[in-house]
Amino acid sequence: MIRAGRRRAAGGGKRIAAVASLPVLPLAWFVALQEHPPWMPAAYLGYLLVVIVVPGTMFWRRLTGGVGWFSADVVLGTAFGLAVEALVYPIGMLFNMPFAALLMPALALGVWRALPRRKLVERPTPWWSMAGAMVAVGVAAAWFVRAGSRLIPLNGSEALRPNSDAPHNLALAGELTHHFPPHVPYADGGWLTSHWAAYDHIASAHWITSVPLDVLTHRMAPFAWILLTVLGAAAVGMVLTGRAVAAPIAAGLVVAGGDLVAWPWAVSDRVFADGPFSLGQLTNPPQAFSTVLLLPLIAVTAVLLRRRTAKTRGELFRLFVAAGVLIAALALTKATALPVYATGLAVAWIYLTVRAGRLNLRALVLGVGVAAAYALTFFFVLRGAASSVRFDPGATFDSLADRMGGGSAVPVIAAVVVVGWVMPVVGALLIKRRMARDPMLVFLLAGFVAAVLGASLLADRGDTQLFFIRTGFMFGVLLATWGLGSLERRQYWIAAVALAIGVAAIYWGRYRSDKSCTSGSCFGQGLVVALVIAAIGIGVFGLVLRGSRRTWAVIAVAVLVGTTVSPTVASIRKFASPPLTDYASIAPGGIEAARFIRRNSGADDRIATNVHCHQARASHCLTGSYWIAGYAERRVLVEGWSYQARVDDSYPDGVQGPYPDQEQLQLNDEVFSNPTRQLIETLRTKYDVQWLLLDGRVSAPPKNLDKLTELRFQLGTVRVYQIYPPPRQSPLPTRTPTPTGTPAGTPSSPGFPTSTPSSPGFPTSTLSSPSFPTGTQSPGQTQPTQPFPTGSLPTSATPPVRTP
């Protein structure tokens, strides 16, 4: 009895220790988002808990029966809740119900009560496993404070100098906030033929929490998805290995692991930082969101394909429903995610069919679901738009060689990059023989190989083929986790020392590399040095231990996995400064002007502008301007249209083409050069344009524009005009008393208000005729007077005016 009491006391102490590590999550959340008012991270965190975490976990456990650990079910259930939200929100928008996500708790409660209950067999998560995962969470938060939160400035003059990625993401988030089905908001002439499910979550959170859209798009949602990637990999690692030790291993590999492409000669190009903890998680919301959704889909696939427990037809049906929800959400999120998963699934199906001598129906049903989701996405979301990806073997490495300044080293570059991609997969060598027949091993290996082939054999002018490897890299992390998680307890200290040897080898190799490599020998020098040091370390450590073959394998694999750690740290240090342009791609005063339109307009109001180029008055116009649609959250008649690739000074001239509707573009531009009453009325009646935004850096304001419209806002180089319908003519003549004087700011002619002159750089607001609508803001209200954005508006607690 005394021993039993001691065991209970020890068990209670471990549970307390495990629970004590949980506050790391909210602490990391608020510390990483400390630049914003406390109510913003608190509101978003409350939204996650009430609308996503609790309902998602209820859905997950009822549909899948759980994976054996409650902690893993909570993480995977949260990701499943995001998938449900991504499908519920657009349905709600079709019926003008942007708050539809609030129905998820009630829906989850209904599913929980309707489906039959059964006792779930669960194991407690050891305190050290949970504490190890929380250490990785703390590292992620520190990384976000150090580098992630600085990549896209929200305040000050630096906010005017982004490349086109950030405004493009903000424009799509604004479009999904107010319209469904979505159109191209910055060139409002057709349907949005790209994947948009990631922005459903941002839009839904914006409606319910009132957190500003730019804060959600560039800060809170990416950071939440990074944390879910870390914890989701830990949960899937536990599912694959059946051991709690896999949780801290997987979380640590996500945070610290990487590839070998982040060398001094490649680290300057952030496109080639391809680990799951790379900058792509911040600058590309669909990629980050697809990684979160992919993890629970892998877990469901493991439960279905392994057949470790007998399943009734009802249980199988619920598992397929869970997989179907995730597949549908993933198909709407990222074009490069499902092909990697589908390839792994197809190879696993062939393997299971050949091994059993009959068709494997479970994998076949999953494959049919993937094909159906792809077909529906192609015809109803992408609207049959042709992909710009082409078959061009080696073009990826040619592109890298061109950017590094020399084309003679292409074979060496290709070898170094591919070795870096493949390095995490060596962890599969540690998986024990009894697990070699596991279909999930075949699934992960095939998916990773498909990702490498896709990135190597395909090409696109925006290098979008690299997103294949960014998806597949998670497969490599899971394989390395599976291998390292299969070790015996006494072997972990050996693996820890070997990992340190690998880190030291890659540090020395990078130190020996020239930062301005242009020859093949220079590109390969660092890798050769690192591999030589790694081989020496493996040999010396192995001889000292005089271990078995298994011990030698542990040492070799751990050393090679360790070589992927240092480049990640180096890339973090490199990208601590935001990658900004040398010029203001956003006009001074433009952010405030766009927000003024948002506050004083309806969701269906449309804007015309003279801004099309990423750089004003550039010798070559890169038509990648999206900031007006992003900050105004309104559709723009013609702003930018080179949206198939990021646009900045590093991209060649060929990334864009002429605007497809030249007549519309000519009409749009003429109103800012030679406006007439008929031209403005055509814009208002034919194209529903109610606002004009003019950037003085592009063209000077026409003298008669003030007489034909009303100047509503002026700041920096930007002017905002509002278009009103012409006055109605009275059928009978009336006598109007002749005024003795015209007060400043009153209409000087019937129907067309004039603006009071103001000093350049200061906003003005004129009194308008009572017969004209002036929006939600009083016409006489004083506008902001700062000459440059100060950042107070991005974190304002005042929610934007919304209309159905």
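Residues numbered from 1 in each chain as written. Predicted model: local features only at pLDDT ≥ 70, side-chain atom pairs only at ≥ 80, totals over all residues. Heavy atoms only, no water.

Trainee: Just checking my understanding: could you explain the packing of helix H7 (residues 165-178) against helix H9 (residues 213-241) for this structure?
Mentor: Axis angle and axis distance: for two packed helices, these are the angle between their axes and the distance between the axes, and together they describe the pair. Where H7 meets H9, the axes come as close as 10 Å, and the angle between the chain directions of the two elements is 125°. On the basis of their axis angle, the class for H7 and H9 is oblique. Pair H7 / H9 crosses with right-handed handedness. Residue-level contacts link Ala166, Asn169, Leu170, Ala173, Gly174 and Thr177 of H7 to Leu213, Asp214, Thr217 and His218 of H9. (Axes fitted to C-alpha atoms, helices over the stretch in contact; angles between N-to-C directions. Helix = DSSP H or I, 4+ residues; strand = E, 2+ residues; numbered from the N terminus. Parallel < 35°, antiparallel > 145°, perpendicular 65-115°, else oblique. Left-handed = near helix turned anticlockwise from the far one by under 90°. Contact = heavy atoms within 4.5 Å.)

Trainee: What exactly am I supposed to notice about the pairing of strand E3 (residues 606-609) here?
Mentor: On a regular strand, each side chain points to the face opposite its neighbour's, so the side chains alternate between the two faces of the sheet. The alternating pattern of E3 places Arg606 and Ala608 on one face and Ile607 and Thr609 on the opposite face, and all of these are buried. Bridge count between E3 and strand E4 (residues 635-636): two bridges; the pairing is parallel. The residue bridging Arg606 from the neighbouring strand is Arg635, located in E4. Handedness of the crossover joining E3 and E4 through helix H25 (residues 627-632): right-handed. (Buried < 20%, exposed > 50% of the residue type's maximum accessible area, 1.4 Å probe, protein only. Pairing = 2+ DSSP bridges. Right-handed = clockwise from strand over helix to strand, strands pointing away.)

Trainee: Sorry if this is basic, but what is going on with the packing of aromatic side chains here?
Mentor: What describes a pair of aromatic rings is the distance from one ring centre to the other and the angle between the planes of the rings. Enumeration according to the criterion identifies 17 aromatic pairs in this entry. Between Tyr341 and Phe443, the ring centres sit 5.5 Å apart and the planes meet at 75°, which makes this aromatic pair edge-to-face. With Tyr341 in helix H14 (residues 337-356) and Phe443 in helix H18 (residues 439-457), this residue pair connects regions lying 102 residues apart in the sequence. In this structure, Tyr341 and Phe443 share a single accessibility class: buried. Measuring from centroid to centroid gives 6.3 Å for Phe596 and Trp691, while their planes differ by 85°, and the two rings are edge-to-face. Note that Phe596 is positioned in helix H24 (residues 590-599) and Trp691 in strand E5 (residues 689-695), a separation of 95 residues in sequence. In this structure Phe596 comes out as buried when scored by relative accessible area, which is 1%. A relative accessible area of 0% places Trp691 in the buried class. Taken together, Trp29, Tyr44, Phe144 and Phe223 form an aromatic cluster joined through their ring pairs. Across from the ring centre of Phe467, 4.6 Å away, lies the NZ or CZ of Arg470, which sits over that ring. (Phe/Tyr/Trp six-rings, centres within 6.5 Å; stacked < 30°, edge-to-face > 60°. Lys NZ or Arg CZ within 6 Å of the ring centre and 35° of its normal.)

Trainee: Which parts of the structure should I look at to understand the pairing of strand E7 (residues 718-722)?
Mentor: With four of five residues buried, E7 lies mostly within the body of the structure. Sheet topology places E5 next to E7; five bridges connect them, and they run antiparallel. Pairing of Leu694 across the sheet is with Arg719, part of E7. Two elements, strand E6 (residues 710-715) and E7, share five bridges in a ladder whose sense is antiparallel. Within the sheet, the bridge partner assigned to Phe713 lies in E7 and is Val720. The turn linking E6 back onto E7 is made up of two residues, and Gly716 within it adopts a positive phi angle of 60°.

Trainee: Could you clarify how one ought to interpret the state of the cysteines in this entry?
Mentor: Disulfide: a covalent bond connecting the sulfur atoms of a pair of cysteines. Under the defined criterion, the tally for this structure stands at one disulfide. Between the sulfur atoms of Cys613 and its disulfide partner Cys621 the distance amounts to 1.9 Å. Between Cys613 and Cys621, the S-S dihedral sits near -110°, and the bridge is therefore left-handed. Residue classification places Cys613 among the partly exposed residues on the basis of a relative accessible area of 24%. (Disulfide = S-S within 2.5 Å.)

Trainee: It is not clear to me how the confidence of the model for the protein should be interpreted in this structure. Could you clarify?
Mentor: One rule of thumb: low pLDDT means the predicted coordinates there are not for detailed reading. Averaged over every residue, the pLDDT of the protein is 83; residues scoring 70 or more account for 79%. Across the protein, element-level confidence peaks in E7 with a mean pLDDT of 98 and bottoms out in helix H1 (residues 2-20) with 53. Low pLDDT (under 50) marks residues 4-11, which in the prediction has zero contacts with non-local residues, meaning those over four places away or in another chain. Per-residue pLDDT stays below 50 along residues 734-804; that stretch engages in 139 contacts with residues further than four places along the chain or on separate chains. (pLDDT = per-residue confidence, 0-100.)

Trainee: When you look at unusual backbone geometry in this model, what are you seeing that I'm missing?
Mentor: For residues that are not glycine, phi is negative in most cases, and the peptide bond is trans in most cases. The amide bond that connects Phe180 to the next residue, Pro181, takes the cis arrangement and shows omega of 0°. A positive phi is found at Arg307, a non-glycine position, where the angle reads about 55°. Note that Arg307 resides in the loop between helix H12 (285-306) and helix H13 (313-331).

Trainee: Hey, could you run me through the packing of H12 against helix H15 (residues 361-381) in this one?
Mentor: In the contact formed by H12 and H15, the axes pass within 8 Å of each other and the chain directions differ by 145°. Between H12 and H15, the contacting residues are Thr301, Val303, Leu304 and Leu305 on the first element and Arg362, Ala363 and Leu366 on the second. Its residues assigned to classes, the contact of H12 with H15 shows five nonpolar, one polar and one charged. (Nonpolar A, V, L, I, M, F, W, Y, C, P; charged D, E, K, R; others polar.)

Trainee: So what exactly am I meant to see when it comes to the pattern of salt bridges here?
Mentor: Oppositely charged side chains may form a pair once their charged atoms are brought near each other. Here the structure, examined in full by the defined rule, presents 14 salt bridges. Glu488 is the salt-bridge partner of Arg490, the closest N and O atoms lying 3.3 Å from each other. On the basis of relative accessible area, Arg490 is assigned to the exposed category, the value being 55%. In this structure Glu488 comes out as partly exposed when scored by relative accessible area, which is 37%. For Arg598, the salt bridge identified is with Glu633, shortest N-O distance 3.5 Å. (Salt bridge = Lys/Arg side-chain N within 4 Å of Asp/Glu carboxyl O.)

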